[in-house]
Amino acid sequence: MILKDGVFYREYNEYTFICDTQLNLAHTIPAPVALLLDLFKDDITESEATERLKKSYPEVSVDVIKKDVHDFVEFLISKGMIENTISLNTPNGDTLTKNSFFHEYTFENELLYSAMLEITYCCPQRCKHCCQSYMRTEKDYCRKELSYEEIKTLIDELFKLNVLELVITGGEPFARRDCFDILEYAKEKGFATTVFSNGILLSDDDIKRIANLRLKCFSTSLYSHIPQKHDEITGISGSYEKTLNVLNTLSKYGICTEIKFVLMEENKNDFSGVANIAKKTGSALQLIPGLNPSCFDDWRIDKINIKDDMALKKAVADYMDFSGYHPNYEKTDFSKICEAGRNSLSIDPYGDVKPCISLPYILGNVKSDTVESIWQKGRKLRKWKNYTKSKLKDCKNCEYMNFCDFCPGVALNYTKSMFKKYDAACRLAKIKYSLT
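All of these numbers come straight from a predicted model, not from anything done at the bench. (Residues numbered from 1 in each chain as written. Predicted model: local features only at pLDDT ≥ 70, side-chain atom pairs only at ≥ 80, totals over all residues. Heavy atoms only, no water.)

For the rest of this paragraph, the subject is the packing of helix H2 (residues 46-56) against helix H3 (residues 62-78). Relative orientation of the contacting elements H2 and H3 amounts to 130 degrees, with a least axis distance of 9 Å. Considering the angle they form, H2 stands oblique to H3. Remark: the crossing between H2 and H3 carries right-handed chirality. The residues of H3 that touch H2, namely those facing Glu46, Ala49, Thr50, Leu53 and Lys54, are Val62, Ile65, Lys66, Val69, His70 and Val73. A breakdown of the residues in the contact of H2 with H3 according to their chemical character gives 6 nonpolar, 2 polar and 3 charged. (Axes fitted to C-alpha atoms, helices over the stretch in contact; angles between N-to-C directions. Helix = DSSP H or I, 4+ residues; strand = E, 2+ residues; numbered from the N terminus. Parallel < 35°, antiparallel > 145°, perpendicular 65-115°, else oblique. Left-handed = near helix turned anticlockwise from the far one by under 90°. Contact = heavy atoms within 4.5 Å. Nonpolar A, V, L, I, M, F, W, Y, C, P; charged D, E, K, R; others polar.)

Structure follows, in structure tokens:
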């Protein structure tokens, strides 16, 4: 017996979290059983597993070990985690609940669970709304992106820190020739990996190679169900067909896919069309209702962002219907200002470590500091974690606070302060409130 390809796991205190990326299932075991899972990385019988454990735990009765191994094997078989077995479970809302528990548990206990690696800012697309290529200053162009060996070392560090989920993004990550090498090394180390990519650089052989990586998810952007409109937004003719081909093909291979839809004035009536594509391809769907003004002038943001409140409300309502998500009013305790940096970190192509990709609050650099020292001993991260919602003086008595997606990074770009309210968040909070 051997664990099938695509089963990734880590222990967090008294729990073991398991991601089965072949079946898109998640499992929570209230016991530290990674050692048992490790045994079945090799093709092994129950008797052989019992003998190995007996050598490690000579003080434990062989009958007890034998029973524990047998019960665990029965569990693995029932969940379809052993090669050539069929799961009795199917992907459903329970998977989402368990993934949510993974996040919430590590968030509350401040355990490093997820890391996002921006491996390059290069991208063949020139999307109207994306400021990635504009974000680089003259100083940045003189900086060298992390090498493959440096990224391998970084992945090794994250493995030692018990990270389970890894997100590889850019720019366009496949603009790096060694992107597949990075992804294959991450799989070898046992990470449940998600890739953010537009997919337009991928050949059919590349897509097959991605399928073999057993990614947790392949996430891409689709800006319209109308090919010409999508291509006009990306600035690349044929990009719609290439992106859709990746979604369709990966779906046939059984790989989880996600579509991100950025709502703009130009595509304000296209969300339902993209939602239909998500249904056909079996993709998850994420609505991004506005732009982060991280590098654009105000006039450009005003030109691109959606102006019509009714159109914005319809898109949000359609998203809620598609996803089944509806916000509930609950009393805010004014504790944590945001989720960034509490169970996750973001690392840019030059090695700068931040609480999140949207927040330019540099905690250190992996070329001069270890991730472990930044996470466990970094003064800037400790300072960040001590910030509470009480810092949001303008928001404390707001009736829409519990429906607000306030982001300190976006606030910083709009107001030059991480703690000042900004109109885009207030507008969206009021619309979400009106839909309850």
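Along the polypeptide, Ile304 turns up in helix H13 (residues 298-304). It is 32 Å that separates the C-alpha atoms of Ile304 and Lys144, two residues lying 160 residues apart in sequence.

What follows is about the confidence of the model for the chain. The share of residues in the chain with pLDDT of 70 or more is 92%, and the mean pLDDT across the chain is 89. Residue range residues 133-138 is modelled with pLDDT below 50. Its contacts to residues more than four positions away, or to other chains, number 11 contacts. (pLDDT = per-residue confidence, 0-100.)

Read from one edge to the other, the open sheet built from 3 strands follows the order E1-E2-E3, with strand pairing classed as antiparallel. One side of each edge strand has no neighbouring strand; the edge strands of this open sheet are strand E1 (7-12) and strand E3 (25-29). Taking each pair of neighbouring strands and ignoring which way they run, the sheet shows an average axis angle of 15 degrees. In this structure, strand E2 (residues 15-20) lies alongside E3, joined through 5 bridges in antiparallel fashion. Of the residues in E3, the one forming a bridge with Ile18 is His27. (Pairing = 2+ DSSP bridges.)

For the rest of this paragraph, the subject is the packing of helix H12 (residues 271-281) against helix H14 (residues 309-323). It is the contact of H12 with H14, at a shortest axis distance of 10 Å, that shows an interaxial angle of 15 degrees. For the element pair H12 / H14, the angle class is roughly parallel. In this structure, H12 meets H14 at a crossing whose hand is right-handed. Of H14, the residues touching H12 (which contributes Phe271, Ser272, Ala275, Ala278 and Lys279) are Ala315, Asp318, Tyr319 and Phe322.

Before going further, it helps to examine H3. An ideal rise of 1.5 Å per residue puts 24 Å on 17 residues; H3 measures up with 24 Å between its terminal C-alpha atoms. All of the buried residues in H3 are Ile65, Val69, Phe72, Val73 and Leu76. Viewed end-on, H3 has its buried residues packed into an arc of 105 degrees, placing them on one side of the element. Of the exposed residues in H3, the ones pointing more than 90 degrees away from its buried face are Asp63 and Lys67. Where H3 is buried, its residues touch E3, helix H1 (34-39) and H2. (Expected span 1.5 Å × (residues − 1). Buried < 20%, exposed > 50% of the residue type's maximum accessible area, 1.4 Å probe, protein only. Arc of directions from axis to C-beta.)

A separate point is the packing of aromatic side chains. Inspection of every chain in the model, using the stated rule, returns 24 aromatic pairs. With a centroid separation of 5.1 Å and an interplanar angle of 35 degrees, the aromatic rings of Tyr12 and Phe17 are classed as tilted. The exposure class assigned to Tyr12 is buried, which follows from its relative accessible area of 3%. With 5.9 Å between their ring centres and 70 degrees between their planes, Tyr121 and Tyr350 make a pair best called edge-to-face. (Phe/Tyr/Trp six-rings, centres within 6.5 Å; stacked < 30°, edge-to-face > 60°.)

Moving on, we get to the sheet that holds strand E12 (residues 364-365). Overall, mixed pairing links the 9 strands, which are arranged E9-E8-E7-E6-E5-E4-E10-E11-E12 in an open sheet. Edge positions in the sheet fall to strand E9 (284-288) and E12, since each of these pairs with one other strand and no more. Sheet topology note: the strand E10 (residues 344-347)/strand E11 (residues 352-354) ladder contains 2 bridges and is antiparallel. Bridge pairing in E11 links Ser346 to Lys354.

It is characteristic of soluble globular proteins that their nonpolar side chains tend to be buried jointly. Ranked by internal contacts, the top residues of the largest apolar core, which has 59 residues, are Leu117, Ile155, Leu158, Leu166, Phe174, Phe218 and Trp384. Ranked by the residues each element gives to this core, the list is headed by helix H8 (residues 179-188), at 6 residues. For Leu117, the residues in contact, after removing those within four places along its chain, are Leu154, Ile155, Leu158, Leu166, Val167, Ile168, Thr169 and Ile347. (Core = buried A, V, L, I, M, F, W, Y, C linked by side-chain atoms within 4.5 Å.)

The next point concerns the pairing of E10. Every second residue of E10 is oriented toward a common face, with Ser344 and Ser346 on one face and Leu345 and Ile347 on the other, all of them buried. Relative to E10, strand E4 (residues 114-118) is paired through 4 bridges, and the arrangement is parallel. Directly across from Met116, in E10, lies its bridge partner Ser346. As consecutive antiparallel partners, E10 and E11 are separated by 4 residues, and within that stretch Gly351 has a phi angle of approximately 95 degrees, a positive value.

Turning next to unusual backbone geometry. Across residues other than glycine, the phi torsion is negative in most instances, and most of the peptide bonds are trans. Each neighbour pair has its own omega, and for Gly170 with Gly171 the value is 20 degrees, a cis peptide bond. Its place among the elements puts Gly171 in the loop between strand E5 (165-169) and H8. Despite not being glycine, Asn24 has its phi angle at roughly 55 degrees, a positive value. Tracing the backbone through its elements, the reader meets Asn24 in the loop between E2 and E3. On the basis of relative accessibility, which here comes to 37%, the residue Asn24 falls in the partly exposed class.

The next thing to look at is the pattern of salt bridges. Inspection of every chain in the model, using the stated rule, returns 18 salt bridges. The salt bridge partner of Asp178 is Arg176, with a shortest N-O separation of 2.8 Å. Of the two residues examined, Asp178 and Arg176, each falls in the buried class. The residue Glu184 makes a salt bridge to Arg209 at a minimum N-O spacing of 2.9 Å. Linking Glu184 in helix H8 with Arg209 in helix H9 (residues 204-212), this pair joins segments that are 25 residues apart in sequence. Each of Glu110, Arg342 and Lys385 takes part in salt bridges that share partners, so that together they form one network. (Salt bridge = Lys/Arg side-chain N within 4 Å of Asp/Glu carboxyl O.)

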